[in-house]
Amino acid sequence: MNGTMAASSHRIMLGPLVAAIDQGTSSTRFLVFNSKTAELLSHHQVEIKQSFPKEGWVEEDPKEILQSVYECMERTCEKLTQLNIDISNIKAIGVTNQRETTLVWDKETGEPLYNAIGKYVDLCTTSYVFVLVWLDLRTQSTVENLINKTPGRNKNHLKHKTGLPISTYFSAVKLRWLMDNVKEVHEAVVSHRAMFGTVDSWLIWCLTGGKSGGVHCTDVTNASRTMLFNIHTMDWDAELCKYFGIPMEILPRVRSSSEIYGLMKSGALSGIPISGCLGDQSAALVGQMCFQDGQAKNTYGTGCFLLRNTGAKPVMSEHGLLTTVAYKLGRDKPACYALEGSVAIAGAVVRWLQDNLGIIGSSEELEKLAASVGTSYGCYFVPAFSGLYAPYWEPSARGIICGLTQFTNKRHLAFAALEAVCFQTREILDAMNQDSGIPLTQLQVDGGMTSNKLLMQLQADILCIPVVKPSMPETTALGAAMAAGAAEGVSVWSLNPDDLSEVTSEKFEPQINPEESEFRYARWKRAVQKSMNWETTEPIDIQQKV
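What counts and what doesn't
- Residues numbered from 1 in each chain as written.
- Predicted model: local features only at pLDDT ≥ 70, side-chain atom pairs only at ≥ 80, totals over all residues.
- Heavy atoms only, no water.
- Helix = DSSP H or I, 4+ residues; strand = E, 2+ residues; numbered from the N terminus.
- Rg over C-alpha atoms; globule rule 2.2 N^0.38 Å.
- Contact = heavy atoms within 4.5 Å.
- Areas by Shrake-Rupley, 256 points an atom, 1.4 Å probe, with all protein chains shown as cover.
- Lys, Arg positive; Asp, Glu negative; His and termini not counted.
- Charge placed at Lys NZ, Arg CZ, Asp CG, Glu CD.
- Disulfide = S-S within 2.5 Å.
- Pairing = 2+ DSSP bridges.
- Axes fitted to C-alpha atoms, helices over the stretch in contact; angles between N-to-C directions.
- Buried < 20%, exposed > 50% of the residue type's maximum accessible area, 1.4 Å probe, protein only.
- Arc of directions from axis to C-beta.
- Salt bridge = Lys/Arg side-chain N within 4 Å of Asp/Glu carboxyl O.
- Core = buried A, V, L, I, M, F, W, Y, C linked by side-chain atoms within 4.5 Å.
- Parallel < 35°, antiparallel > 145°, perpendicular 65-115°, else oblique.
- Left-handed = near helix turned anticlockwise from the far one by under 90°.
- Nonpolar A, V, L, I, M, F, W, Y, C, P; charged D, E, K, R; others polar.

Next up on the list: the overall build of the chain. Looking only at helices and strands, the chain features 16 helices and 22 strands. Since a compact globule built from 546 residues should have a radius of gyration of about 24 Å, the 23 Å found for the chain is in line with a globular shape. The C-alpha extent of the chain, read off along each of the three principal axes, is 65 × 55 × 45 Å. Counting only contacts in the chain whose residues sit at least 6 apart along the sequence, the fraction spanning at least 24 positions is 73%. Approximately 21600 Å² of the chain is accessible, and the part contributed by carbon and sulfur atoms is 51%. Seen as two clouds, the 49 positive and the 58 negative side-chain charges of the chain have centres 1 Å apart.

See the structure below:
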């Protein structure tokens, strides 16, 4: 996917440029936009390795993440120079990141050690960073212990403050697990050397100087995904920190999504302000220009994330959705909130079919394979590899494929995998319509999987509403760039509705009758029920079972 999009032939007339770091679950990208037209001028992408040391464990090397950012910056600047575009015209950098992924590092040395877990590290001589990726399930026992100490074993015990259920998904339980299970993390916390953050905090701290004066901060959107942040007071909450047993001194300072946090301290872009920060789903909401109450977008990436802007007041879901901070575009600007439905496995199912089963060689092959039959032939695939997220929040669920016959082949399975993404989106859209009382009339979409036209048509068919895809797919990075360019002290990107560039798009209209859609959806719901209650943390006596 490395490449450069065509720049304007009148390069001398280019307006101020704004860059974005888009650090995702599977890759890092650096993209540069024209702030006056929102045109993407150049970008570079580097894949990120994931390791799975045990079942349900997912890890990434934070040093590799940081190095990938530097590499993407360097290569993008080279491409701009080849296009005769002056990189000194880059006026700001925004950051958008995979949320909930949890890091701890030593503030005195700043040097990470990959995979501190399960390996003794002498903190007198070295430091560490450890990443628990958002899909990681190792905290299930921690979650159960936390729920057990709540009145009535209520997983929504903290929802009135956080908008979130107690789940393996969020950063606080990952941090609690690290403090309980990794000696080096515990010792660093006790000795006041530990810093905690999500990926945005790690990158901003490193890029603004690291151990030599780096800025330890996060924005409201990332903070709202930790379970330590009060979405009403818009700050860390002492009672929440006490509940999880986490010292507030290790937390980053919470800032708005659009302000100057610090300056780049090295490389070709040294001195340029980092002035925008948004969790990836909030960035996509901004990039899709969903600034009005009721507007929504769905991002199809590793997971699937449907966000609906609910305006200046948080709406508490009665149907299994999350209440989250959508954005706060300036220190003195009001916060906007969103309802969010999160699906753990979307694009990840493509990788599973490719890497684990070997039935496809690429994502493009999946579309061709599925299109060659045009039906799942009654086969339903529930990819609950990491449990079920919204609207069920059922960590005991596991993936199942059902409805198999002797006739079923890999083509039907490929079609069922695409349908699974669409059915999961239908479930969270239904929940969102129930919470808001106003059904969506169309769905704006973005993310890597939207290049699959069969998937987009299936989505329109299963939702029974049009699906609208922007022609410029990089809406997540665009949102981060918009926030950075609009920051006070930068002010090269206007977010006034009249000034925003018109977005061209492709629309997919439903092509099947609603009765067929409802029938297939009902069968899917039956399959979901069969996926539940597979996994337990209780020990199993194999001899007794036999």
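Evaluated as defined, the whole model comprises zero disulfides. With no disulfide of its own, Cys277 lies 6.6 Å from the sulfur of Cys217, the closest cysteine sulfur. Free cysteine: Cys336, not disulfide-bonded; nearest cysteine sulfur from Cys290 at 12 Å.

Next up on the list: the sheet that holds strand S15 (residues 304–311). Strand order in the open sheet made by the seven strands is S16-S17-S15-S14-S20-S21-S22, with mixed pairing throughout. Either end of the sheet is taken by a strand with one partner, and the two such strands are strand S16 (322–327) and strand S22 (505–508). Strand-to-strand twist in this sheet, taken as the mean axis angle between neighbours without regard to direction, amounts to 30°. Pairing of strand S14 (residues 296–300) with S15, which is carried by five bridges, proceeds in the antiparallel orientation. Note that in S15 the partner of Thr299 across the bridge is Phe305.

With that settled, the discussion passes to helix H5 (residues 183–190). Taken as a whole, H5 has its buried residues at Glu184, Val185, Ala188 and Val189. Each buried residue of H5 lies within a common arc of 135° when the element is viewed along its axis, so the set occupies one face. Close packing links the buried residues of H5 with strand S5 (102–106), helix H4 (171–181) and strand S7 (194–197). Positive backbone phi, approximately 60°, marks His192, located one or two places after H5.

With that out of the way, let us pick up the pattern of salt bridges. Close approach of charged atoms lets side chains of opposite charge pair. Under the counting rule described, the total for this entry stands at 24 salt bridges. Glu239 is the partner of Lys161 in a salt bridge, and the nearest nitrogen-oxygen pair spans 2.8 Å. In this pair, Lys161 is assigned in helix H3 (residues 159–162) and Glu239 in helix H8 (residues 238–244), connecting sequence segments 78 residues apart. On the accessibility criterion, Glu239 (58% relative accessible area) is exposed. Measuring nitrogen to oxygen at the nearest pair gives 2.9 Å for the salt bridge that ties Lys453 to Glu506. One end of the pair, Lys453, is in helix H13 (residues 453–463); the other, Glu506, is in strand S22, with 53 residues separating them in the sequence. Given a relative accessible area of 30%, Glu506 falls into the partly exposed group. What you see here is one network of salt bridges that share partners, running through Arg99, Glu100, Arg225, Asp280 and Glu340.

On to the nonpolar core. One finds Phe33, Phe229, Phe244, Ile246 and Tyr300 to be the most contacted residues of the largest nonpolar core, which totals 140 residues. The element that contributes the greatest number of residues to this core is helix H12 (residues 410–436), accounting for 14 residues. Ile246 has contacts with Ala172, Leu175, Arg176, Met179, Leu228, Cys241 and Leu251, leaving out every residue within four places of it along the chain. Counting residues in each nonpolar core, the second largest holds 39 residues, with Leu17, Ile21, Ile48 and Met264 among its members.

On to the packing of helix H11 (residues 363–371) against H12. Running from N to C, H11 and H12 cross one another at 110°; their axes reach a closest spacing of 8 Å. It follows that H11 is roughly perpendicular to H12 by the angle criterion. Between H11 and H12 lies a crossing whose hand is left-handed. In contact with Leu366, Leu369 and Ala370 of H11, H12 contributes Lys410, Arg411, Ala414, Phe415 and Leu418. Residue classes in the contact of H11 with H12 are distributed as six nonpolar, no polar and two charged.

None of this, on its own, says anything about what the molecule does.
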